[in-house]
Amino acid sequence: MKNFYFLLVLLVGLGLGSCKNQDDIYMEFVKKGGNVYPEKTNNLRAYVGYKRIKLVWDAPKDPSVKTAKVYWDNKTMVKDINYSAFPGDKVELIVDNLEERTYTFQLINFDTNGNQSMVSEVIAAPYAENWLVTHAERTVTAAEVKGTDAEIKMNFGTNEMIATRFRYINADGDTIELEETLDAYSSTILFPNAISGKRFEYSSSYCPAEGLDTIWNDWIKSPTPISGKLDCKSWNVTVTTGQIWDNSFLPSKAVDGVIDRNYRWCSAQGALANVFPKIMVVDNQKDSYYINKVSLYQDQATMNRRFGNSVEMYWGNEPFDPDAGTDYANSPGFADAIAKGNWLTTTFWFSTATWTKTWSQMQEFQYFAIVWKNSRSGSGWIDLWEIEFYGYDSAAD
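Everything numeric here is computed off the predicted structure, so don't read it as measured data. (Residues numbered from 1 in each chain as written. Predicted model: local features only at pLDDT ≥ 70, side-chain atom pairs only at ≥ 80, totals over all residues. Heavy atoms only, no water.)

Caption draft 1: Focus on the packing of aromatic side chains. For the structure on display, the rule yields 27 aromatic pairs. One aromatic cluster in this structure is built from Trp235, Tyr289, Trp315, Trp359, Phe365, Phe368 and Phe389. One Lys or Arg, Lys54, reaches over the ring of Tyr47 and ends 5.6 Å from the middle of that ring. The ring of Phe350 has Arg376 lying over it, and the distance from NZ or CZ to the ring centre is 5.9 Å. (Phe/Tyr/Trp six-rings, centres within 6.5 Å; stacked < 30°, edge-to-face > 60°. Lys NZ or Arg CZ within 6 Å of the ring centre and 35° of its normal.)

See the structure below:
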């Protein structure tokens, strides 16, 4: 038992000696009177922007804290903060003219005696052009003049897109920047008093979640001009030899842009009147037209003067022969047409004042042929007031 008490006393003594040695070591690094650490920066947050960062933190509650320093770029850059300039409970600082890379921001508070707080740190990366190029621009799905306005349809916005702006040429030839923008969740917008046959420009903006700034893409031109009624006055129109009533009713009247009895094509009277087929060929004289609608106008006033009956339409990029005769379907042009076959035959009635063919996709063709296989007139007459083509010239600006 005596040995046990001796061993216990010995161990306690060794323990006390060890603690004393630890205290001696610690005291070597303790400043006499103790270090003073003012309140450090609390709730430090960084918000990213275009080539800039906004730092936000709580105003110090310690009344002795009067100033701070903000360091970045490995402390090569510094901003002095005087808290007297921030009377509220939050402090905000904008650091701009930054490069598009990651930065570490360090904040240190100072009291009136020059004592400094522990460091608060936040990491952030501003965004700029490199970030912007990773975002896809929306695409145009349709652009067509309807009435006096152009209806523009776009795909919905892409990731982090805010809105899309537009500028276009109006009917007066002026370039208009539309005040209205198209948000990322909408797909259709109107251009008031727009002109067809011209390309428009658009540019979309982007901003990351909680980003400070919206960035706009550069303006880009639409891939195609705005579709609309084409000016066909310079197009060439020919018909089967002899199938002109007289020089007042020439084939060119069918594309003069005037829908009127006095500006129409009429087929031959007399001996040639009952010769069929009667073929009209329209040559737009360019290979750059894209067309999605054709309208034929018969007599707009008198039903029994609408003489079309069995009619065929062809379109393609090889010339049609208006004098191909009854075997026209096997002649060059017709045989090579983009569209051909019996299904092209349509029946016109006395009630058919206007006949319209539309395509869901643009058709690229230079030549259009109308074949009248017979007439509702006992005299074999054909009377056509106007043909309208809708689309665009891909060679246009």
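The structure having been displayed, the exposition proceeds.
Caption draft 2: Spotlight on the pairing of strand β9 (residues 149-154). Of the two faces of β9, the one holding Ala150, Ile152 and Met154 is buried and the one holding Asp149, Glu151 and Lys153 is not buried anywhere. Bridge count between strand β8 (residues 140-146) and β9: six bridges; the pairing is antiparallel. When the sheet's bridge partners are listed, Ala142 is paired in β9 with Lys153. (Buried < 20%, exposed > 50% of the residue type's maximum accessible area, 1.4 Å probe, protein only. Helix = DSSP H or I, 4+ residues; strand = E, 2+ residues; numbered from the N terminus. Pairing = 2+ DSSP bridges.)

Caption draft 3: Representation of the pattern of salt bridges. Under the criterion given, the structure shown has 17 salt bridges. A salt bridge links Lys146 to Glu151; the shortest N-O distance between them is 3.1 Å. Lys146 gets classed as partly exposed once you look at its relative accessible area, which sits at 48%. With a shortest N-O distance of 3.2 Å, Arg261 and Asp299 are connected by a salt bridge. With Arg261 in the loop between β18 (236-239) and β19 (265-266) and Asp299 in the loop between β21 (289-297) and β22 (310-316), this residue pair connects regions lying 38 residues apart in the sequence. Using a relative accessible area of 28% as the deciding quantity, one classes Arg261 as partly exposed. Assessed through its relative accessible area of 0%, Asp299 is described here as buried. A single salt-bridge network, built from bridges that share partners, covers Asp73, Glu99 and Arg101. (Salt bridge = Lys/Arg side-chain N within 4 Å of Asp/Glu carboxyl O.)

Caption draft 4: Broad picture of the sheet that holds strand β2 (residues 52-58). What the three strands build is an open sheet, ordered β1-β2-β5; its pairing is antiparallel. On the outer flanks of this sheet lie β1 (45-49) and β5 (90-95), each paired with one strand and no other. Geometrically, the sheet is characterised by an average inter-axis angle of 20° between neighbouring strands, direction not taken into account. Direction of pairing for β2 relative to β5: antiparallel, over a ladder of six bridges. For Leu55, the partnering residue across the bridge sits in β5 and is Leu93. (Axes fitted to C-alpha atoms, helices over the stretch in contact; angles between N-to-C directions.)

Caption draft 5: How the structure looks around unusual backbone geometry. Here the bond from Phe276 into Pro277 is cis, since omega is 5°, no more than 30 degrees from zero. In this fold, Pro277 is placed in the loop between β19 and β20 (278-283). The backbone of Lys75 shows a phi angle near 65°, a positive value even though the residue is not glycine. Residue position: Lys75 is located in the loop between β3 (65-72) and β4 (77-82). Taking relative accessible area as the criterion, Lys75 reaches 47% and is therefore assigned partly exposed.

Caption draft 6: Expanded view of the nonpolar core. Judged by nonpolar contacts, the single largest core of 42 residues is most densely connected at Met280, Ile370, Ile387 and Phe389. Every element with two or more residues in this core is listed here: β18, β20, β21, β22, β24 (354-364), β25 (367-372) and β27 (386-393). Looking at this core element by element, the count peaks at six residues for β25. Among residues more than four places away in sequence, those in contact with Ile387 are Ala254, Val255, Met280, Val282, Val294, Ser295, Leu296 and Ile370. Of all hydrophobic cores here, the second largest spans 20 residues; its members include Trp57, Ala59, Val65 and Ile81. (Core = buried A, V, L, I, M, F, W, Y, C linked by side-chain atoms within 4.5 Å. Contact = heavy atoms within 4.5 Å.)

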